[in-house]
Amino acid sequence: TAVAQQSSPSQQAETSRMLVNDLPEACRAAGASMTPDMQSMRAQGQKQMQSMSVMVAKMGQTQRALSEAMMKMEPAMMQGTMAQDPDLGWACSMIPHHQGALDMSRAVLSRGKEPEIKKMAEKTIRVQEKDIAELKEWIEKKSPGGAKM
């Protein structure tokens, strides 16, 4: 897409923040309990993403769309892993993971050539959208008002 072709490192960082901000409150709150080591690991990951954005800018349109989907999901997945509760951490991490699958599936639907792959991408979209809704519902049910588990 035109947006993918023009994304700068700062735009990609903003997109990553947007995905983190789209997580349920209980998932966003999980980051508040990060130890200094976790914070350092997160900062290193952000630096890697910035350096990768330079490489992504040189890629073809499809490679760029697939890579940007992965770059977008990584910070949000990391946010989910910060939850003390393993069930909440898994659920919070799976939301951006599934969103990445949606973004990548949409990229292949718009640029792919193989009917079989397009059929798989369509199935992925149907399944992953349902899974995201179920995960969000579970998180809301288990942590009313965004309270930590």
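Residues numbered from 1 in each chain as written. Predicted model: local features only at pLDDT ≥ 70, side-chain atom pairs only at ≥ 80, totals over all residues. Heavy atoms only, no water.

Enquirer: I tried to follow the pattern of salt bridges on my own but got confused; where do I start?
Expert: Opposite charge on two side chains permits pairing when their charged atoms draw close. Taken as a whole and judged by the stated rule, the model has four salt bridges. The partner of Arg 28 in a salt bridge is Glu 25, with the nearest N and O atoms 2.6 Å apart. Here the residue Arg 28 and the residue Glu 25 both occupy positions in helix 3 (residues 25-30), the gap between them amounting to three residues, near one helical turn. A relative accessible area of 31% means that Arg 28 is categorised as partly exposed. By relative accessible area, Glu 25 is classed as partly exposed at 36%. Across the salt bridge formed by Lys 72 and Asp 103, the nearest N and O atoms sit 2.5 Å from each other. Highlighted residues: Lys 72 in helix 5 (residues 61-81) and Asp 103 in helix 6 (residues 86-111), separated in sequence by 31 residues. For Lys 72, a relative accessible area of 19% corresponds to the buried category. (Salt bridge = Lys/Arg side-chain N within 4 Å of Asp/Glu carboxyl O. Helix = DSSP H or I, 4+ residues; strand = E, 2+ residues; numbered from the N terminus. Buried < 20%, exposed > 50% of the residue type's maximum accessible area, 1.4 Å probe, protein only.)

Enquirer: What's the story with the nonpolar core in this structure? I'm lost.
Expert: Nonpolar side chains tend toward joint burial in soluble globular proteins. Ranked by size, the top nonpolar core spans 21 residues in total, and within it Leu 88, Ile 95 and Ile 139 carry the most contacts. Of all the secondary structure elements, the ones that give two or more residues to this core are helix 2 (9-21), helix 3, helix 5, helix 6 and helix 7 (115-142). Looking at this core element by element, the count peaks at six residues for helix 6. Contact partners of Ile 95, with chain neighbours within four places excluded, come to Leu 23, Pro 24, Ile 132, Leu 135, Lys 136 and Ile 139. (Core = buried A, V, L, I, M, F, W, Y, C linked by side-chain atoms within 4.5 Å. Contact = heavy atoms within 4.5 Å.)

Enquirer: Sorry, what's going on with helix 6 here?
Expert: Each α-helix turn comprises 3.6 residues. Residues three or four places apart therefore point the same way. Between its terminal C-alpha atoms helix 6 stretches 37 Å, which fits the 38 Å expected from 26 residues at 1.5 Å a residue. Between a side-chain oxygen at the N-terminus of helix 6 and the backbone nitrogen of Asp 87 the separation is 2.9 Å; the capping residue is Asp 85. (Expected span 1.5 Å × (residues − 1). Polar contact = N/O pair within 3.5 Å; in protein donor to acceptor, adjacent residues only side chain to side chain.)

Enquirer: For this particular structure, what's the right way to read helix 5?
Expert: Its 21 residues give helix 5 an end-to-end C-alpha distance of 31 Å, which sits within 8% of 30 Å, the value for a rise of 1.5 Å per residue. Its maximal kink placed at Glu 74, helix 5 deviates by approximately 25 degrees, while the proline Pro 75 follows within four residues. Of the positions making up helix 5, those classed as buried are Arg 64, Ala 65, Ser 67, Glu 68, Ala 69, Met 71, Lys 72, Met 73, Ala 76, Met 77, Gln 79 and Gly 80. (Bend = angle between axes of the 7 residues up to and from the residue.)

Enquirer: Help me understand the state of the cysteines, please; the structure alone is not making it clear to me.
Expert: A covalent bond between the sulfur atoms of two cysteines is what we call a disulfide. Per the counting criterion, the structure on display carries one disulfide. A disulfide bridge connects Cys 27 with Cys 92, and the sulfur atoms are separated by 2.0 Å. Here Cys 27 and Cys 92 share a disulfide; its torsion about the S-S bond, -80 degrees, makes the bridge left-handed. Note that Cys 27 is positioned in helix 3 and Cys 92 in helix 6, a separation of 65 residues in sequence. Overall, the relative accessible area of 0% leaves Cys 27 in the buried class. The exposure class assigned to Cys 92 is buried, which follows from its relative accessible area of 0%. (Disulfide = S-S within 2.5 Å.)

Enquirer: Looking at this structure, I do not really get the confidence of the model for the protein chain. What am I missing?
Expert: Detailed reading of predicted coordinates is not advised where the pLDDT is low. Scored by pLDDT, the protein chain comes out at a mean of 78, with 66% of its residues at no less than 70. When mean pLDDT is compared element by element in the protein chain, helix 7 scores highest at 96, while helix 1 (residues 2-6) scores lowest at 36. In this model, residues 1-13 is a region of pLDDT below 50 whose contacts with residues beyond four sequence positions or in other chains number 14 contacts. (pLDDT = per-residue confidence, 0-100.)

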